[in-house]
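# Chain and residue survey
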Amino acid sequence: MVYRDLQFFVLMIVSFLCVMSCQVRMPQIDWTISPLGQSDRPITLKLGGWGSSPSEQRLFQTVLTTFEATHPHIRVKFETVADQYMDVLKTRLIGDAAPDVFFLDSFEAPSLMANQVLEPLNAYLTPDFDLADFETTLLAAFQQDSILYGLPKDCSSLALFYNKQAFAEAGIAQPPATWDELLADAQRLTRDRDQNGKIDQYGLGILPDLARLVYLMRAFGGAAIDPQGKATFASEAALKGLNLIVQPYQDRIAARPPDVGTSSGTEMFGQGKAAMVIEGNWAIPFLQETFPALPFATAEVPRIQDQSGTMVYTVGYVMNRRSQHKPEAWELIRYLTGKTGMALWAKGGSALPSRHSVAQQLHYDRDPLRSALVAGIQYATPWQLGQYPTAIMNSFNNQFISAILGEQPLRQALQRAEDSANQQIQAAEQ
Amino acid sequence: MLKRRRRSHLTTPGIRTEGAGYLLMAPAILGLGFFTIAPILFAIFLSFQKVKLLGGIEYEFVGLRNFARLAADDRLWIALKNTAEYVAIVVPAQTVLALALAATLNAGIKGQNIWRILFFLPTITSSAVLTLIFMWIYNADGLLNQALALVGLPTYNWLSDPNVALKGIMIMNIWSTAPFFMVIYLAALQDIPRSLYESAEIDGANSWQQFRYITLPQLRPVTFFVVAMGVIGTFQLFDQSYIFSGGSGGPNNATLTVVLLIYQSVFRDLQLGYAAAIAFLLAIVIITVTLIQQHIFGQEST
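Everything in this summary refers to the structure shown in the same document. (Residues numbered from 1 in each chain as written. Chains lettered and ligands numbered in written order. Predicted model: local features only at pLDDT ≥ 70, side-chain atom pairs only at ≥ 80, totals over all residues. Heavy atoms only, no water.)

### A closer look at the overall build of chain B
- Each helix and strand in chain B was counted, giving 14 helices and two strands.
- A compact globule built from 302 residues should have a C-alpha radius of gyration of about 19 Å, whereas chain B, at 25 Å, is more than 25% larger.
- Considering only C-alpha atoms, chain B reaches an extent of 70 × 55 × 30 Å along its principal axes.
- Looking at chain B as a whole, 40% of its 302 residues qualify as buried.
- In chain B, the share of contacts with a sequence separation of at least 24, taken over all contacts with a separation of at least 6, comes to 64%.
- Per element, the accessible surface of chain B, about 16400 Å² overall, is 70% carbon and sulfur. (Helix = DSSP H or I, 4+ residues; strand = E, 2+ residues; numbered from the N terminus. Rg over C-alpha atoms; globule rule 2.2 N^0.38 Å. Buried < 20%, exposed > 50% of the residue type's maximum accessible area, 1.4 Å probe, protein only. Contact = heavy atoms within 4.5 Å. Areas by Shrake-Rupley, 256 points an atom, 1.4 Å probe, with all protein chains shown as cover.)

So this is what it looks like as structure tokens:
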């Protein structure tokens, strides 16, 4: 009986191995049938991205409709991914089901550029496209070995958002210009209004996330990664920079959103639980819509060591290297990142344009709320961490939180995070 | 012996009967083969490979390197420790709670059916929805903290304090899975012959003694099932910690579980081979624990 079972089992294994190997060896058959009369039928391009607020979504749809009106031979199908965009996108790229053109966060760009899944755009560029009009730091985010793989769609830098009413109550006339002033102001702005021992208004709202902190390290000459792409944030310089956040938190003049029952820095600021936050352009429409009565203003991030610094985040349009419709895909990218298309999109106000000319055309450099953000782009640190960004970011964030909560000294936390990140990178590179 | 057997195997009536048997089993065999056995074999194959996924799929045989990497991976040990801690607390707690709930219902309280429905509701709710609701409750200003503050107990930052984040998931899961096992216990309780209790009563046993010496031993095979299923389910904790931490396993790896690590290896880092190696480690751990349990609970369980 045992013998027969065994025989049957072996038979089954062998047959499945056969089936599987057939599948692997099977030559790729091109199932796509070339359509007849291609010239008069519009081509459908797939554009991949993530969803945003309903008003932004509507605006983006308008931009696409305008594109279709001026390019009658192209239809654009905008596909949004609701959650975990990069996980979904990578899986689709592997399965050869990725859209022709898609959004790509600069943070994820290095690994995709290195893996040869993006179409180089250099050959498509024409002089009238005016590449020099783009902010150089933003273009650099999508360049590898002087090949351009993407064009920045828009960007956002960080600035200091402050509550004017809270400032008036505390008798502070001017927003802080240096980090020392920021801390002094935060001290005065931290209030326990009902004297119940629980602080109602913190001076500063912070996010202990590497994405928001690299410029602090840079202020003292530190960096998140070295030129080889390894984590290097356990340096003395980085430690000094990060202490600018850790110390005020432990002095209880700064708080994180979950400490006051909120889910984001903007919400914390909007509800008046923090008098100052360092947030990006996205906060402006959010605050105006959700907290219309909130009197707030913006200023450049306070100077550290007599140097200006902030972060800049950018998203670009990239083309799938396996796209079947490359010339049309380029037409779409050219329109969306061109002067007209970008102006249409940037008017919504949730992101800053990546072209100088568009920023000027929309007067963003003179807008009272946005001028601080526009000025920041010039000296900002772009948010990129090399080819293994998640390993570095997760290791840092995990250890940094425990340091900020006082569970371990900052120096030890950073060393652990750096070791763990580099160990993961080394294992991945093997 | 072997020779004779093979000959008899090849006779026409033999083939006909066996063939008919296999034909009848074919749908099940194919289904199992394609969706259970083939993936297992493929996973074994993968665990010895380094797979390049992006930009053209390439396999490279790396021998035992993926397994060697397991030993050196700090995050894997954190994940195993978290998962083991989770299993060690959740399985006994949910089993005891399930038994207690079942015993209460079996005692014939008023409105039995309504209680049964109320107890069972958490189990039929989607775990993703439950997690989102619990995240509201666990919020720093949420229901749980307000309730704790009201009775003068210390409040916690359930979502972002590494020391309590996993405990939050434990509480949630005990609450939502116990009723499922309660139903199983309830069915088993109703199977215990009344006569045993009657004779015990005549012998002068009180209700605790009846529970201890009749109910518990009679429920032994069911308890084995409940504990085994509980262990398997809890070792595979994924969705709750994924939603809790937004997929990162944070704060400070406090909610990192083995299955979440497998997910991260596949979809974040695109390291299929290493993920398959972790999956094997997890399978071995679960099999070992289940075998130990079977040993403890003895022969009746089979």
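There's more to say after this.
### Quick look at the packing of aromatic side chains
- Evaluated as defined, the whole model comprises 35 aromatic pairs over all chains.
- On the basis of an interplanar angle of 80° and a centroid distance of 5.6 Å, the ring pair of phenylalanine 103 of chain A and tyrosine 317 of chain A is categorised as edge-to-face. Note that phenylalanine 103 of chain A is positioned in strand 3 (residues 101–105) and tyrosine 317 of chain A in strand 11 (residues 311–319), a separation of 214 residues in sequence. Grouping residues by exposure puts phenylalanine 103 of chain A and tyrosine 317 of chain A together as buried.
- For the ring pair phenylalanine 45 of chain B and tyrosine 59 of chain B, a centre distance of 5.6 Å and an interplane angle of 55° mean the geometry is tilted. You can see phenylalanine 45 of chain B sitting in helix 2 (residues 12–47) and its partner tyrosine 59 of chain B sitting in strand 2 (residues 58–61), a full 14 residues away along the chain.
- When its relative accessible area of 36% is taken as the criterion, phenylalanine 45 of chain B is described as partly exposed.
- One aromatic cluster is present, formed by Trp50, Phe60, Phe78, Tyr85, Phe103, Tyr317 and Trp345 of chain A through successive ring pairs. (Phe/Tyr/Trp six-rings, centres within 6.5 Å; stacked < 30°, edge-to-face > 60°.)

### Considerations on the nonpolar core
Residues and elements named next belong to chain A.
- Leu47, Phe60, Leu112, Leu118, Leu151, Leu332 and Leu336 are the most contacted members of the largest nonpolar core, which has 83 residues in total.
- Of all the elements, helix 12 (residues 326–337) adds the most residues to this core, at six residues.
- Excluding residues that lie within four positions of it along the chain, leucine 336 makes contacts with Leu47, Phe60, Val63, Leu64, Tyr317, Gly341 and Met342. (Core = buried A, V, L, I, M, F, W, Y, C linked by side-chain atoms within 4.5 Å.)

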